[in-house]
Amino acid sequence: DKAGHKHFMAKEIAEQPGVIAQALGHYISSDGQIILPKPDIDFTAIDRLTMVACGTAYYACLTAKYWFEQIARIPVEVDVASEFRYREPPIPARSAALFVSQSGETADTLAALRYCAGKSDTILSVINVPESSIARESDLVLPIHAGVEVGVASTKAFTCQLTVLLLLALRAAQDRGEVDAKTLARHLSDLRDLPNIVSTALGANAEMHQAAIKLSEARDVLFLGRGLMYPLALEGALKLKEISYIHAEAYAAGELKHGPIALIDKHVPVVVMAPRDALFEKTVSNMQEVMARKGRVILVSDATGIEEFGQEAFATIEMPQISSVLTPILYAIPAQLLAYHTAVAKGTDVDQPRNLAKSVTVE
Ligand code: F6R
């Protein structure tokens, strides 16, 4: 049932405020504590975290690396499951392995989990389907409570994965004494406001629709972002490729001058994900390099960022202000909606894109 939406993907994008709130409700107690399912985990016994997944779930892991390293000061290794499993990576003592999967059945992710079993101190999984193989074989299962996801392109599972991973990073920071009570309470209160802010972002639909008309005429699209916006740029490019069949690539903005800038001309739209945070000025300078070569920038930022640099851009998409820690969850909305509207403009099969399956249970 598409609940009045044209596609399951549109329905699932629209459901995000509700499912994020649901996920938060499962992990934050009424007295403001982060509660994990049993048997729980003690992060003081962990010196290193290995995160493994495929596709969109892999980008959730890449995002979480920034949170675990910056907030909890735990070194994190992230890999795609198909590489990890055959590399025979050494698993250090006092380490945990964390697997992220919507379906819980992805063959490569499951094989990577089995490789770590008996080598890592703890096997954790962040999954959507609780009765899945990956869940069954984990020591600690963290469900994301996103509800059934039908659209092949993952949307609400991604933002719920991010929500649960951020809560886990905060819990790790708390265990390890890396965050004081006041800062933690502020993070949790920001998280509680998140569903409303995501609702507001969904309201910028008209702007995204217009930008998508431009994207639908392109052959190639570049996505740029720094810091937490880099994995999100990767996710934006993947979404666009999957459902609109337009070639899209993402780069860490600082990598632009090391090669991809050679691609820029007036035919290449460049989506720049840049909230007005500590890295904003650096990203803006990359954006100006693009514009100097006639690249058409679609700037996704907040009111302050757009006021400062929006007039130089070809199009702008305004997001609400939010604490920088939460920007990946919020900016997932324009990443998804840009791809969605582009695909609709092109007339592709949004919910069942060609050559793709919802659950990849073979290698
Ligand atoms: C992208 C997408 C895929 C999946 C990937 C992993 O929109 O849906 O990239 O994220 O196949 O699937 P799960 O999360 O089920 O392991």
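Residues numbered from 1 in each chain as written. Predicted model: local features only at pLDDT ≥ 70, side-chain atom pairs only at ≥ 80, totals over all residues. Heavy atoms only, no water.

## Brief notes about the sheet that holds strand β5 (residues 140–143)
The pairing of strands in a sheet comes from backbone hydrogen bonds and takes either a parallel or an antiparallel form. This is how the line gets drawn: A pair of strands is treated as paired once DSSP finds two or more bridges between them. Helix and strand assignments follow DSSP, with helices taken as H or I runs no shorter than four residues and strands as E runs no shorter than two, numbered in order from the N terminus. The axes are straight lines fitted to the C-alpha atoms, using for helices just the contacting stretch, and the angles between their N-to-C directions are given from 0 to 180°. Contact between two residues is taken to exist if any of their heavy atoms lie within 4.5 Å; hydrogens are not considered.
Sheet architecture is open: five strands sit in the order β2-β1-β3-β4-β5, paired in parallel fashion. At either end of the open sheet lies a strand with only one pairing partner, and these are β2 (76–80) and β5. When the angles between neighbouring strand axes are averaged without regard to direction, this sheet yields 20°. With six bridges connecting them, strand β3 (residues 95–101) and strand β4 (residues 122–127) associate as parallel partners. From the neighbouring strand, V100 faces β4, where its bridge partner is V126. Against the sheet, helix α5 (residues 107–116) makes contact with β1 (48–53), β3 and β4, and its axis sits at roughly 165° relative to β3, the strand it touches most.

## Points about the side chain of R171
Cut-off, in case you're wondering: Remark: exposure states derive from per-residue accessible area (1.4 Å probe, protein chains only) relative to the maximum for the residue type, with buried under 20%, exposed over 50%, and partly exposed in between.
Its location among the elements puts R171 in helix α7 (residues 156–175). For R171, a relative accessible area of 9% puts it in the buried group. Those residues in contact with R171, other than ones at most four positions away along the chain, are I34, L36, D40, I41 and F43.

## Some thoughts on the site of the ligand
Going by this rule: Any residue with at least one heavy atom within 4 Å of a molecule or strand is counted as near it. Any pair of nitrogen or oxygen atoms within 3.5 Å is treated as a polar contact; in protein, a donor-acceptor pairing is required on top of that, and neighbouring residues in sequence qualify only through side-chain atoms on both sides. Per-residue and other accessible areas follow the Shrake-Rupley method at a 1.4 Å probe size, with only the shown protein chains counted as cover for residues. Under this grouping Gly is polar, as are all residues other than the nonpolar Ala, Val, Leu, Ile, Met, Phe, Trp, Tyr, Cys and Pro and the charged Asp, Glu, Lys and Arg.
The immediate surroundings of the ligand are formed by 13 residues, with S101, Q102, S103, T106 and E242 found nearest. Contacts to the ligand include T56, whose backbone N or O atom sits 3.1 Å from an oxygen atom. For the ligand, an oxygen atom lies 2.9 Å from a polar atom in the backbone of S154. Protein coverage of the free-state accessible area of the ligand, which is 400 Å², stands at 90%. Of all elements in the fold, only α3 (55–71) and α10 (229–244) reach the threshold of two or more residues within the shell around the ligand. Top element by residues in the shell around the ligand is α3. It accounts for three residues. For the shell around the ligand, the per-class residue count stands at four nonpolar, seven polar and two charged.

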